[in-house]
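A look at the structure
What follows is each chain in one-letter form.
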Amino acid sequence: MTEFLDTLLHYTGMISDHVWGWGPEFLGGLPLMVLLLIGTGILLTFVTGFVQVRRFLSSSKLVMLGATGKDQSEKEQGDISPFQALMTALAATVGNGNIAGVATAIATGGPGAAFWMWITAIFGMATKYSEAVLGVKYRKIAEDGTMSGGPMYYCQEGIGGRFGKGLGIMFAVSGGIAALIGTGNIFQSNSMAVAFYSQYSIPQWVTGVVISALTGLVIIGGIKRIGVVAERLVPSMIILYFLGAIAVLLINAPEIPAAFVLIFQSAFSPQAAFGAAVGIGVQQAVRFGVARGILSNESGLGTAPIAHGAARTKDPVRQGSIAMMGTFIDTIIVCTLTSLVIVVTGSYQESIFMQGEEVGLTSTALTSEAFNRSLPSVGGLQFGGLIVTLGSFLFGLSTLIGWSYYGQQCAEYLFGVRIVRGYRILFVLLLFLGSLPTGAHVQIVTNIGDIGNALMAIPNLIGLLFLSGIVRQLTIESYRKKESLIS
């Protein structure tokens, strides 16, 4: 079995490296996948007239209206409120990628990886906006009366023909697999189980049973129950993690300016952080920063429009404006907090890759170390580790809930509503099994997740590029009419 896992680790790693690391020499050695994601975001930024800047304040107000229950559009056709759609999308994105993923990016790409996460997020806001606009415009009413949206439908209906249908099928197959055995399921449950075991010696199978039961109870109720749970869970868990991170940063306040300088310097010269002996180059900083940024905020993957397509709204632009705030919250706020905590505490120095070989901490263990260095321990209880462990649990649980819906919708697109119950059972079963592995073989899941993300992103990005004219037309019309999105 060990030999099989070693082989699987080798080949999944090789494929992941090729997908995320390959790029023709005339592109400066930058990975093609990275350029496609950022390039699409840049293009859509211009296509939408810098919507992430022009609509930032009004989008923020829309989110606040939804959070306080004052969004009047909730009476429109759909399954969940616009705010619940945002929280469901955030539930899927604010996961262990914000804790373990950020730490892994810094461990493998240096502190400069955080800078490339920010770049991904800035342009990713325009991508997320466009995805949600198309998700609402081309959504369909399913056999059971619920709303179905996402790249499957805007590729099939918007592009049309065999090509559009083929893109929809490619996305649905990739999304269904990624949700079952990728970072939307097994990676989350394993990170949660490992966190509880490392901090409190709770057997991983016990954590697996608990999270399987909790997830199963939520997803059996479909998107409406998922929306209600996400609406309550996501803000609470983000605030909890925010307060813990802010406490660490306040304790290390004098180091914050230097941390930002180091992040910017090592984005273009990783040796600024580690010295010439460490085998980290600029290409690695870019690659892992963008890859982990995408893993975290999912802009360009095509997952968020599945959730936003279920929103009770008739205005695609309005929902798109709400959707893009998910990328801002996830990456610019939550990922930045994790990055700063790791850098200001100096914990990044505990995870060094010498000549491409790991000799230090990474993943959740690195983030826990950063929190533990500043927050006190009482009676042997380390509050830093408690915050990270609890954050990992809540973030992971929310991601499991969100991705279960994404995978379900992909399966439903391919096989119809009859597949839904079986898919939910399989999701929970694999969730439990995913909590059990330990050691280096856990990287297999991350590799599969990276591969799945790329295979989802490709048809989605093609769809966005083909339909960018539709997005531009709807957006420009909203600018021209000078209609207030807040009504």
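All values reported here derive from a predicted model rather than from experimental measurement. (Residues numbered from 1 in each chain as written. Predicted model: local features only at pLDDT ≥ 70, side-chain atom pairs only at ≥ 80, totals over all residues. Heavy atoms only, no water.)

**A word on the overall build of the chain**
Rules: A run of H or I in DSSP becomes a helix once it reaches four residues, and a run of E becomes a strand once it reaches two; helices and strands are each numbered from the N terminus. Contacts are assigned to residue pairs that have any heavy atoms within 4.5 Å of one another.
Looking only at helices and strands, one finds 22 helices and 6 strands in the chain. If you take every contact in the chain between residues at least 6 apart in sequence, the share linking residues at least 24 apart comes to 83%.

**Focus: helix 9 (residues 161-181)**
To keep things clear, this is the line we draw: By this rule the span expected of a helix is its residue count minus one, scaled by 1.5 Å. In this scheme, a residue with accessible area under 20% of its type's maximum is buried, one over 50% is exposed, and one in between is partly exposed, where area comes from a 1.4 Å probe on protein chains only.
Taking 1.5 Å per residue, 21 residues should reach 30 Å; helix 9 reaches 31 Å between its end C-alpha atoms and fits that length. Inspection of helix 9 places Gly 164, Leu 167, Gly 168, Phe 171, Ala 172, Ser 174, Gly 175, Gly 176, Ala 178, Ala 179 and Leu 180 among the buried residues, and these make up the whole buried set. Looking at the buried side of helix 9, the elements it contacts are helix 8 (151-159), helix 10 (186-200), helix 16 (304-308), helix 19 (383-415), helix 20 (420-434) and helix 21 (443-466).

**Regarding helix 13 (residues 256-268)**
As a reminder, the rule being used: Here, the arc refers to the directions that run from the helix axis to the C-beta atoms.
A rise of 1.5 Å per residue sets the reference length of helix 13, with its 13 residues, at 18 Å; its end C-alpha atoms lie 19 Å apart and thus fit the reference within 8%. Along helix 13, the positions that sit buried rather than exposed are Ala 259, Leu 262, Ile 263, Ser 266 and Ala 267. The buried residues of helix 13 occupy one face: seen down the axis, they fall within an arc of 130°. Facing away from the buried side of helix 13 by over 90 degrees, the exposed positions are Pro 257 and Phe 268.

**Observations concerning the packing of aromatic side chains**
Applicable threshold: Stacked, tilted and edge-to-face pairs are distinguished by plane angle, under 30 degrees for stacked and over 60 for edge-to-face with tilted covering the rest, among Phe, Tyr and Trp rings (Trp via its six-membered ring) whose centres lie within 6.5 Å. Cation placement over rings: the criterion is NZ of Lys or CZ of Arg within 6 Å of the ring centroid and within 35° of the ring normal.
By the definition in use, this model includes 14 aromatic pairs. Judged by centre distance (5.0 Å) and plane angle (75°), the ring pair of Phe 46 and Phe 50 falls under edge-to-face. Centroid distance Trp 403 to Tyr 406: 5.7 Å. Interplanar angle 70°. Geometry classified as edge-to-face. Within this pair, Trp 403 and its partner Tyr 406 are both found in helix 19, separated by 3 residues, close to a single helical turn. Judged by relative accessible area, Trp 403 falls into the buried class, the value being 3%. Accessibility expressed as a relative area gives 2% for Tyr 406, which makes it buried. Among the aromatic residues, those joined into a ring-pair cluster are Phe 115, Trp 116, Trp 118, Phe 260, Phe 264 and Phe 268. Above the ring of Tyr 138, the side-chain terminus of Lys 137 is found at 5.6 Å from the ring centroid.

**Topic: the environment of Ala 67**
Along the chain, Ala 67 turns up in helix 4 (residues 56-67). Here Ala 67 falls in the partly exposed class, since its relative accessible area comes to 45%. Expressed as a C-alpha distance, the spacing of Ala 67 and Pro 235, which sit 168 residues apart in the sequence, is 9.1 Å.

**A short note on the pattern of salt bridges**
Here is the rule: Each reported salt bridge corresponds to a side-chain nitrogen of Lys or Arg within 4 Å of a carboxyl oxygen of Asp or Glu.
Under the definition given, this model contains 1 salt bridge. With a shortest N-O distance of 3.8 Å, Glu 157 and Lys 140 are connected by a salt bridge. Placement of Glu 157 in helix 8 and of Lys 140 in strand 1 (residues 140-141) is noted, with a sequence separation of 17 residues between them. Since its relative accessible area comes to 36%, Lys 140 is described here as partly exposed.

**Description of a nonpolar patch on the surface**
Selection criterion: Residues forming no salt bridge and having over 30% relative accessible area are the ones grouped into patches, like charges within 9 Å of each other and nonpolar side chains (Val, Leu, Ile, Met, Phe, Trp, Tyr) within 5 Å. Using the Shrake-Rupley algorithm and a 1.4 Å probe, accessible areas are obtained, with residue cover drawn only from the displayed protein chains.
Judged by side-chain polarity, Ile 169, Val 173, Ile 177, Ile 181, Leu 414, Phe 415 and Ile 419 come together as a nonpolar surface patch covering roughly 550 Å² of accessible area. If you tally residues by element for the nonpolar patch, the top one is helix 9, at 4 residues. Counting through the fold element by element, Ile 177 comes out in helix 9.

**A closer look at the confidence of the model for the chain**
What counts, and what does not: pLDDT expresses, on a scale from 0 to 100, how confident the predictor is about each individual residue.
For the chain, mean pLDDT is 83; residues scoring 70 or higher make up 87% of the total. Within the chain, helix 8 carries the highest mean pLDDT (95), whereas strand 3 (residues 353-354) carries the lowest (44). Under a pLDDT of 50 for its full length, residues 353-357 has, in the predicted model, 13 contacts with residues more than four places off or in other chains.

**Overview of the environment of Ser 148**
Selection criterion: Counting of polar contacts relies on pairs of N or O atoms within 3.5 Å, with two restrictions inside protein: one atom must be capable of donating a hydrogen and the other of accepting it, and residues adjacent in sequence are counted only when both atoms are side-chain atoms.
Mapped onto the fold, Ser 148 is located in strand 2 (residues 147-148). A C-alpha to C-alpha distance of 9.1 Å links Ser 148 and Tyr 138, two positions 10 residues apart in sequence. If near-sequence neighbours (up to four positions away) are discounted, Ser 148 is found in contact with Arg 139, Lys 140, Ala 142, Tyr 153, Gln 409 and Glu 412. A distance of 3.3 Å separates the side chain of Ser 148 from the side chain of Gln 409, its partner in a polar contact.

**Structural notes on the side chain of Ser 130**
By the secondary structure assignment, Ser 130 is in helix 7 (residues 113-137). For Ser 130, a relative accessible area of 0% gives the class buried. When neighbours within four sequence positions are excluded, Ser 130 is seen to be in contact with Leu 44, Thr 48, Leu 464 and Val 471.

**What about the nonpolar core?**
For clarity, the cut-off: We define a nonpolar core as any set of buried Ala, Val, Leu, Ile, Met, Phe, Trp, Tyr and Cys residues linked to one another through side-chain atoms lying within 4.5 Å.
Counting residues in hydrophobic clusters, the biggest one holds 123 residues, and the most contacted among them are Met 152, Val 234, Met 237, Phe 371 and Tyr 406. Among the elements that line this core, the one with the most residues is helix 19, at 14 residues. Apart from the residues within four sequence positions on either side, Tyr 406 is in contact with Thr 88, Ala 89, Ala 92, Glu 298, Thr 303, Ala 304, Ile 306 and Ala 307.

**Quick notes on unusual backbone geometry**
Its identity is not glycine, yet Phe 50 carries a phi of approximately 55°, on the positive side. The topology assignment puts Phe 50 in the loop between helix 2 (32-47) and helix 3 (51-54).

**Let's talk about the packing of helix 8 against helix 21**
Here is the rule we go by: For helices, the fitted line uses only the C-alpha atoms of the stretch in contact; every axis is such a line through C-alpha atoms, and the angle between N-to-C directions lies from 0 to 180 degrees. For classification purposes, an angle smaller than 35 degrees is called roughly parallel, one larger than 145 roughly antiparallel, one from 65 to 115 roughly perpendicular, and anything else oblique. The handedness criterion is simple: a crossing whose near helix is rotated anticlockwise from the far helix by less than a right angle is left-handed, and one whose near helix is rotated clockwise is right-handed. Throughout this entry, Asp, Glu, Lys and Arg are counted as charged residues, while Ala, Val, Leu, Ile, Met, Phe, Trp, Tyr, Cys and Pro are counted as nonpolar. The remaining residues, Gly among them, count as polar.
Direction vectors running N to C along helix 8 and helix 21 enclose 40°, while the axes themselves pass 10 Å from each other. Here helix 8 lies oblique to helix 21, going by the angle between them. For the crossing formed where helix 8 meets helix 21, the hand is left-handed. Packed against helix 8, whose contacting residues are Pro 151, Tyr 154, Cys 155 and Ile 159, the element helix 21 presents Pro 459, Asn 460, Gly 463, Leu 464 and Phe 466 at the interface. Of the residues contributing to the contact of helix 8 with helix 21, the split by class is 7 nonpolar, 2 polar and no charged.

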